[in-house]
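# Working through the structure, step by step
Listed below are the residues making up each chain.
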Amino acid sequence: MSTRTAVIIGGGVIGLSTAYHLARKNYGKVILLDKGPVGDGASSRAGGIITDLMWSETGVRARVKSLQLYRELSLDLEGYKFQDVGCLNFFEKASYPDREKLFPIYRKLDVPFEVLDAKEMHRRWPALQAPAEIIGVHDPLGGYSEPDEYIPAITRKIKALGVEVREHQQIQDFVLRGGQVRGVVTAQGAIEADAVVSTVHAWTLPVLGELGLSYPIKTFVHQRYVTKPLPAPVKLPAVNANPMGGYVRPATGNRLLVGVETAEREEHRVTAKDWHMSDLTVPAGLKEELYERFVELVPVLAQTSWETEKVGLIMFSMDGEPILGPVAQYPGLFVGTAFHSGGFAYNPVAGMLLAEFVAEGKTSIDVSDFSPERFTSQETQAHLERTLAQKDSIRRRH
Ligand SMILES: Cc1cc2nc3c(=O)[nH]c(=O)nc-3n(C[C@H](O)[C@H](O)[C@H](O)COP(=O)(O)OP(=O)(O)OC[C@H]3O[C@@H](n4cnc5c(N)ncnc54)[C@H](O)[C@@H]3O)c2cc1C
């Protein structure tokens, strides 16, 4: 039995998945800490949509693995099932050529996709009335996960695998020895560790700021709504309706989930370690506007109304790719953050990769494009000094 200890800071889906993979590898003692209950950040607020039709080769390779792992997790996690309804990505005439340029990557990696016109989309999914000019790129392997099923199921599993899940314990600082990170400090005291993995998402700057680390990242408010139940299930894929500024998918209990971005809204900076996402609010009238935007696309929405609203933060790095890997300046420290609006989709593979870095020092997929070391301190500082609205940041969906 290994005597190593790993501490994971943050019990969102990225931290939970890292704990799962470390436990599966029999790494040793694995402790996962969250300042609230698990899932208290963006993860419980997510839409849970996943596609592997990404915009970079590394992204596609990683997501193909995520989709494979999601299917395996459906068998391994009691009470959880990946919803393999497919994922349909919408483009307009202006945005389609950029996506078309990525088709050679999809073909090279054997990732299935189909290009569909509005008529064909309506034939396959009669509930969907896409405007005639919309082009759909269909990912038959995509789909979604319900956060309310997935988070409790993976938490139960990691506990059964021996992971210590310590809730309501906020990391205040790090244990540093000989220039290496050797643990964390909470109000309850110090915890010594061979490896510390930071998966604190929106809190990355205040938490890693304790070590003088910073990254060129921006956080934006994002919201999603679920309807009251409809009389019958609605047959739909998960639809990334980017031209409409949002997305729609079926949800548990004959419901629909619709998410929407607020493109004009300025970034929301998190500066305090004890900040909570329940402090976020949504502009007045957004719910009504959202309904107007989506009722033409999915007319059955007219038969119901919104039941729940969830608001959280999504985070984009300067180049739009995740930040994942070891931190060169501090041996023993690893970071996984900035998964744009696709952290739920990334979590199975992100946890696998972080666990590989921690346990083996190398990964089974080359993710050097995601390296935390890829930004210079000058560009990081310049990026952080600017205040951006979401429309001026890189916008990438799921
Ligand atoms: C409305 C909305 C819809 C979304 N829809 C989708 C979607 O359809 N598909 C998709 O793939 N992604 C989606 N996302 C994005 C996705 O939710 C995130 O990318 C993902 O949940 C990030 O997971 P995480 O584990 O990194 O972060 P989080 O879930 O935020 O977890 C971080 C955890 O760290 C804890 N923490 C912070 N500071 C400390 C500290 N000092 N000590 C201890 N613990 C600490 C927090 O309490 C929190 O629980 C959506 C996001 C939002 C807000």
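As shown above, the structure is provided for reference.
The notes below deal with the structure included here. Everything quoted here is computed from the prediction, not taken from an experiment.

Another point: the site of the ligand. In the vicinity of the ligand lie 40 residues, with Asp-34, Ser-43, Gly-47, Ser-341 and Ala-345 positioned nearest. Ser-341 is positioned such that a nitrogen or oxygen atom in its backbone is 2.8 Å from a nitrogen atom of the ligand. Gly-342 places a polar main-chain atom, nitrogen or oxygen, 3.4 Å from an oxygen atom of the ligand. When the ligand is considered free in solution it has 1000 Å² of accessible area, and contact with the protein chains removes 100% of it. According to the grid-proximity analysis, the pocket containing the ligand is the largest cavity. Elements with a minimum of two residues in the shell around the ligand: helix H1 (13-24), strand S13 (217-227), strand S17 (306-317) and helix H9 (343-360). Split into classes, the residues belonging to the shell around the ligand amount to 16 nonpolar, 19 polar and five charged.

Moving on: the side chain of Thr-186. One can find Thr-186 in strand S10 (residues 180-186). Reaching out from Thr-186, the side chain makes a polar contact with the backbone nitrogen of Gln-188 at a distance of 3.0 Å.

Before going further, it helps to examine the layout of surface pockets. Volume-wise, the largest pocket comes out at about 530 Å³. Forming the boundary of the largest pocket are 23 residues, of which Phe-91, Arg-99, Asn-242, Arg-395 and Arg-396 lie nearest the centre. Elements with a contribution of two residues or more to the lining of the largest pocket: strand S4 (87-91), helix H3 (96-100) and S17. For the lining of the largest pocket, the element with the highest residue contribution is S4, accounting for three residues. Classifying every residue of the lining of the largest pocket by side-chain character gives eight nonpolar, nine polar and six charged.

Here is what the cut-offs are and how they apply
- Residues numbered from 1 in each chain as written.
- Predicted model: local features only at pLDDT ≥ 70, side-chain atom pairs only at ≥ 80, totals over all residues.
- Heavy atoms only, no water.
- Near = heavy atom within 4 Å.
- Polar contact = N/O pair within 3.5 Å; in protein donor to acceptor, adjacent residues only side chain to side chain.
- Areas by Shrake-Rupley, 256 points an atom, 1.4 Å probe, with all protein chains shown as cover.
- 1 Å grid on protein atoms, 1.4 Å probe; cavity = no way out; pocket = protein on both sides within 12 Å on 5 of 7 lines; lining within 4 Å.
- Sits in = over half its atoms within 2 Å of the grid points.
- Helix = DSSP H or I, 4+ residues; strand = E, 2+ residues; numbered from the N terminus.
- Nonpolar A, V, L, I, M, F, W, Y, C, P; charged D, E, K, R; others polar.
- Points joined across faces, edges and corners; volume = space filled by probe spheres on them.

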